[in-house]
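Structural features, examined
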Amino acid sequence: MLTAICTLFEGDYHYGVGNLVNSLYNHGFRGVIWAGYRGNLPPWTESVKNAEDYQEFTVAQDCVIRFIKLDTYKCFTNYKPDFMLQLWENYCPETEAIFYFDPDIVNKRRWAFYEEWVGRGIALCEDAYDYMPANDPNRIAWRELAERHGYHSLRELDRYYNAGFIGVKQNQKDILVLWKNLLETFESAGYFDLHNFHLYSEQYPYFLTDQCVLNLAVTLSHEPLSTVSRLGMDFGNASTYLMSHASGAAIKPWRKKLLLKALDGVPPSLTDKAYWQHTQSPIQLYPRRSYLTKKIELRCASAIGRFIRRS
């Protein structure tokens, strides 16, 4: 199966992009990672080749990142379906499946697993808040709103999925069209502004973020799903060795002061540990001395964390 990976980033999230790519490569991915960005290219891209509408950086043999500079008013968290559809339409129409990863995810599983996974249905992982009853008042409100705009629910679900990862085959990309159209329809109706990260409002219909709209889209679609539990992203500090995700309000691993947090009763997380396993190869994100210093800090913080725990 011909597959590709994509992500979106700006600012210091380039550290997450480099780490994500390293973790994918080190578990067998070979191919193209499409990275949409605002601002500047990462400092670790020493040399890039210019193509007509992207810039290409060679990661290692048989693996490249193709950077696409984007001009959109939307917050990137609300631009995921747009970007995936844009890739299929303008950049890689021959690709059979595309996987989106947030740039604060670290991969832990052999790449062949993902290709097998997406062959069984749209690939999703449950959120940290994984259970959401089919009759939850928020979910009912979303369904009522969708029906008001001409959409009809095709199934009931009691699980809530994280929007930081999705794998879709090209013959199932209607889920992306639906997700995108719902976001834009509800923005046009005045329920939220896609320029903002949070879509939260105290007023009906109670959306929190883009992933609420993804979860609504899943109930409006008949496409088969293949989903994993929240342990697939190391939520709850337990792991199935698939991915590790520093999602939401979590301090990103490249920003975290590990010793200070440990002394405050917060030991290094599984995501922190996974991040520092993939910072040096094949892309070197830090000078060797800085990396070794951080590894010592990680060990010390882990040791402190065994004795000091926030209640």
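Residues numbered from 1 in each chain as written. Predicted model: local features only at pLDDT ≥ 70, side-chain atom pairs only at ≥ 80, totals over all residues. Heavy atoms only, no water.

1. Quick word on the overall build of the protein
Helix and strand content of the protein: 9 helices and 11 strands. For a compact globule of 311 residues, the expected C-alpha radius of gyration is about 19 Å, and the protein comes in at 20 Å, within 12% of that figure. Its C-alpha atoms give the protein principal-axis dimensions of about 60 × 55 × 35 Å. Residue burial in the protein is summarised as follows: out of 311 residues, 54% are buried. For the protein, the accessible area works out to roughly 14,100 Å², and carbon and sulfur atoms hold 49% of it. Taking the average place of the 34 positive charges on the side chains of the protein and the average place of its 35 negative ones, the gap between the two points comes to 10 Å. (Helix = DSSP H or I, 4+ residues; strand = E, 2+ residues; numbered from the N terminus. Rg over C-alpha atoms; globule rule 2.2 N^0.38 Å. Buried < 20%, exposed > 50% of the residue type's maximum accessible area, 1.4 Å probe, protein only. Areas by Shrake-Rupley, 256 points an atom, 1.4 Å probe, with all protein chains shown as cover. Lys, Arg positive; Asp, Glu negative; His and termini not counted. Charge placed at Lys NZ, Arg CZ, Asp CG, Glu CD.)

2. Considerations on the pairing of strand β1 (residues 3–9)
Along β1, 7 of the 7 residues are buried, which leaves the element largely enclosed by surrounding structure. Residues of β1 alternate between two faces, with Thr3, Ile5, Thr7 and Phe9 on one and Ala4, Cys6 and Leu8 on the opposite face, all of them buried. Where β1 meets strand β6 (residues 97–101), 4 bridges bridge the pair, whose relative direction is parallel. Within β6, the position partnered with alanine 4 by the bridge is isoleucine 98. The handedness of the β1 to strand β2 (residues 31–37) crossover, carried by helix α1 (residues 14–25), is right-handed. (Pairing = 2+ DSSP bridges. Right-handed = clockwise from strand over helix to strand, strands pointing away.)

3. Overview of helix α2 (residues 80–91)
Along an α-helix, residues three or four positions apart point the same way, because every turn accommodates 3.6 residues. Its 12 residues place the ends of α2 15 Å apart at the C-alpha level, agreeing with the 16 Å of an ideal helix rising 1.5 Å per residue. Within α2, 10 of the 12 residues are buried, leaving the element largely enclosed by the surrounding structure. For α2, the complete set of buried residues consists of Lys80, Pro81, Asp82, Phe83, Met84, Leu85, Gln86, Leu87, Trp88 and Tyr91. (Expected span 1.5 Å × (residues − 1).)

4. Considering the sheet that holds strand β9 (residues 159–169)
Pairing is mixed across the open sheet formed by 9 strands, whose spatial order is β3-β4-β5-β2-β1-β6-β9-β8-β10. Taken across any chain shown, the strands that pair with only one partner, and hence form the sheet edges, are β3 (49–50) and β10 (225–228). Strand direction decides the pairing type here: β3 and strand β4 (residues 55–60), joined by 2 bridges, are antiparallel. In the sheet register, asparagine 50 faces β4, and the bridge partner there is glutamine 55.

5. Side note on helix α3 (residues 111–118)
Of all the positions in α3, only Trp111, Phe113, Tyr114, Trp117 and Val118 are classed as buried. The buried residues of α3 occupy one face: seen down the axis, they fall within an arc of 150 degrees. (Arc of directions from axis to C-beta.)

6. Some points on the pattern of salt bridges
Counted according to the given criterion, the structure contains 15 salt bridges. For glutamate 56, the salt bridge identified is with arginine 66, shortest N-O distance 2.7 Å. With glutamate 56 in strand β4 and arginine 66 in strand β5 (residues 63–69), this residue pair connects regions lying 10 residues apart in the sequence. A salt bridge links arginine 159 to glutamate 126, with the shortest nitrogen-to-oxygen separation between them at 3.0 Å. Linking arginine 159 in strand β9 with glutamate 126 in strand β8 (residues 122–131), this pair joins segments that are 33 residues apart in sequence. Since its relative accessible area comes to 24%, arginine 159 is described here as partly exposed. According to the relative accessible area criterion, glutamate 126 is buried, its value standing at 8%. Each of Lys74, Asp82, Lys180 and Glu184 takes part in salt bridges that share partners, so that together they form one network. (Salt bridge = Lys/Arg side-chain N within 4 Å of Asp/Glu carboxyl O.)

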